[in-house]
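# Topology and contacts: notes
Below are the chains, spelled out letter by letter.
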Amino acid sequence: AQSVTQPDIHITVSEGASLELRCNYSYGATPYLFWYVQSPGQGLQLLLKYFSGDTLVQGIKGFEAEFKRSQSSFNLRKPSVHWSDAAEYFCAVTGPTYKYIFGTGTRLKVLA
Amino acid sequence: NAGVMQNPRHLVRRRGQEARLRCSPMKGHSHVYWYRQLPEEGLKFMVYLQKENIIDESGMPKERFSAEFPKEGPSILRIQQVVRGDSAAYFCASSPDSGRDQPQHFGDGTRLSIL
């Protein structure tokens, strides 16, 4: 069965610093991978997705993620964090069907 | 607003009452998914519907929960005889079809509180 692990529950970075949020997945074949962001009281907004091809994918708001099959990882990165990036970030995987399997999320705090 | 619309945003019910959550998918989307987010947890799949059909309800509790997506009108998630453990955020998502490569677009959710 598919699963997603986000090992960091909370991360705090200073504004302007770089960011990496970790995501590890479990799936026997090629997964479809997504990162979503959730601001307080809001729904989920799609940041980026990976289906195939180039393993480095660019998303909105300056985010990127790299798919590493050998490590079963799909980490999210941003070179310089802005205060408005403070939110909760969810990694998700789909296997052979439409069902999203979400990680438990990483809550990002940005220090001024 | 052409996005997924959910209402109400917040719903308060007393134990034993019924809760009805509504979801209007994005224009042109005929596939609807419901997810539940418990406090401090990720979203968990509940049910997948197409117009007038329940395709997959494997994530729905066997009792008290039901969902529909009629030919006309929004999708409805119905919880009968609510209990404290039903307190959660319920999210609806939609997509134009069910392919794995179709990102699901999420609404802002309904926060259900049970007194």
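Residue numbers here run from 1 along each chain, matching the order of that chain's written sequence. Just so you know, chain letters begin at A and ligand numbers begin at 1, following the order they were written in. Per-residue local features are limited, in this predicted model, to residues with pLDDT of at least 70; the limit for side-chain atom pairs, both in listing and counting, is 80 or more; totals at the level of whole chains, interfaces and linings are taken over all residues. The side-chain quantities take in all heavy atoms of the structure and omit both hydrogens and water.

## Brief notes about the overall build of chain B
Along the backbone of chain B there are 0 helices and 11 strands. Each helix corresponds to a stretch of at least 4 residues labelled H or I by DSSP, and each strand to a stretch of at least 2 residues labelled E; elements are numbered beginning at the N terminus. In chain B, the succession of α and β elements from N to C terminus is β-β-β-β-β-β-β-β-β-β-β. Taken over the C-alpha trace, chain B has a radius of gyration of 13 Å; the compact-globule value for 115 residues is 13 Å, and the two agree within 12%. Counting only C-alpha atoms, chain B reaches 40 × 25 × 25 Å along its principal axes. What the globule rule says is 2.2 Å times the number of residues to the power 0.38, and the radius of gyration is computed from C-alpha atoms.

## Regarding the sheet that holds strand β7 (residues 65-68) of chain B
Within a beta sheet, neighbouring strands are joined by backbone hydrogen bonds and run either parallel or antiparallel to one another. Residues and elements named next belong to chain B. Two strands qualify as a pair provided DSSP detects at least 2 bridges between them. In space, the 4 strands of this open sheet follow the order β1-β3-β8-β7, with antiparallel pairing throughout. At either margin of the open sheet sits one strand with a lone partner, and together these are β1 (5-7) and β7. The average angle at which neighbouring strand axes cross in this sheet is 15°, direction not considered. Bridge count between β7 and strand β8 (residues 75-79): 4 bridges; the pairing is antiparallel. Of the residues in β8, the one forming a bridge with Phe65 is Ile79. Helix axes are fitted only over the stretch in contact, all axes being lines through C-alpha atoms; the angle between N-to-C directions runs from 0 to 180 degrees.

## Structural notes on the packing of aromatic side chains
All names here are of chain A. Each Phe, Tyr or Trp ring, with Trp reduced to its six-membered ring, pairs with another whose centre is within 6.5 Å; inter-plane angles below 30 degrees give stacked pairs, above 60 give edge-to-face pairs, and intermediate values give tilted ones. Counted according to the given criterion, the structure contains 23 aromatic pairs over all chains. Where Tyr50 meets Phe67, the ring centres are 4.5 Å apart and the plane angle is 25°; that geometry is what we call stacked. Of the two residues, Tyr50 sits in strand β6 (residues 44-50) while Phe67 sits in strand β8 (residues 64-68), which places them 17 residues apart along the sequence. Ring geometry for Tyr100 and Phe102: centres 5.7 Å apart, planes at 45°, overall tilted. This pair shows no difference in class: Tyr100 is buried, exactly as Phe102 is. Throughout, exposure labels follow a simple rule: accessible area from a 1.4 Å probe, protein chains only, divided by the maximum for the residue type, with under 20% read as buried, over 50% as exposed, and the rest as partly exposed.

## Some thoughts on the side chain of Ser73 of chain A
Locating Ser73 of chain A in the fold gives a position in strand β9 (residues 73-78). Contacts: residue pairs with any heavy atoms within 4.5 Å of one another. With residues up to four places along the chain from it excluded, the contact list for Ser73 of chain A reads Cys23, Asn24, Tyr25, Glu66, Phe67 and Lys68 of chain A.

## Remarks on the interface of chain B and chain A
Contact residues are listed per partner, giving 24 residues for chain B and 26 residues for chain A. For the pairing of chain B and chain A, the buried interface totals around 1900 Å² over both sides, and the portion due to carbon and sulfur atoms is 53%. By convention, the term buried area covers the 1.4 Å-probe accessible surface removed from two parts as they join, with the contributions of both added. Three residues, Leu43, Arg100 and Phe106 of chain B, lead the burial of chain B against chain A; their summed loss comes to 34% of the area buried on that side. When a carboxyl oxygen of Asp or Glu is within 4 Å of a side-chain nitrogen of Lys or Arg, the pair counts as a salt bridge. Viewed at the interface, chain A and chain B are joined by 1 salt bridge. As a salt-bridge pair, Lys99 of chain A and Asp56 of chain B come within 3.2 Å of each other at their nearest N and O atoms.

## Let's talk about the environment of Ile114 of chain B
Residues and elements named next belong to chain B. In this structure, Ile114 sits in strand β11 (residues 110-114). The exposure class assigned to Ile114 is buried, which follows from its relative accessible area of 7%. Distance in space between the C-alpha atoms of Ile114 and Ser75 is 22 Å, their sequence separation being 39 residues. With near-sequence residues (within four places) excluded, Ile114 lies in contact with Arg13, Arg14, Arg15, Val82, Val83, Arg84, Asp86 and Ser87.

## Some thoughts on the environment of Tyr27 of chain A
Residues and elements named next belong to chain A. Inspection of the secondary structure assignment puts Tyr27 in the loop between β4 (24-26) and β5 (32-38). The class for Tyr27 is partly exposed, based on a relative accessible area of 21%. The spatial distance from the C-alpha of Tyr27 to the C-alpha of Ala65 is 18 Å, given a sequence separation of 38 residues.

## Structural notes on the pairing of strand β10 (residues 87-94) of chain A
Residue and element names in this part refer to chain A. Most of β10 is tucked away: 8 of the 8 residues are buried. Of the pairings in the sheet, the one linking β5 to β10 comprises 7 bridges and is antiparallel in character. By the bridge assignment, Tyr36 is partnered in β10 with Phe90. Note: β10 against strand β12 (residues 106-111), 3 bridges, orientation antiparallel. Bridging from a neighbouring strand, Glu88 pairs with Arg107 of β12.

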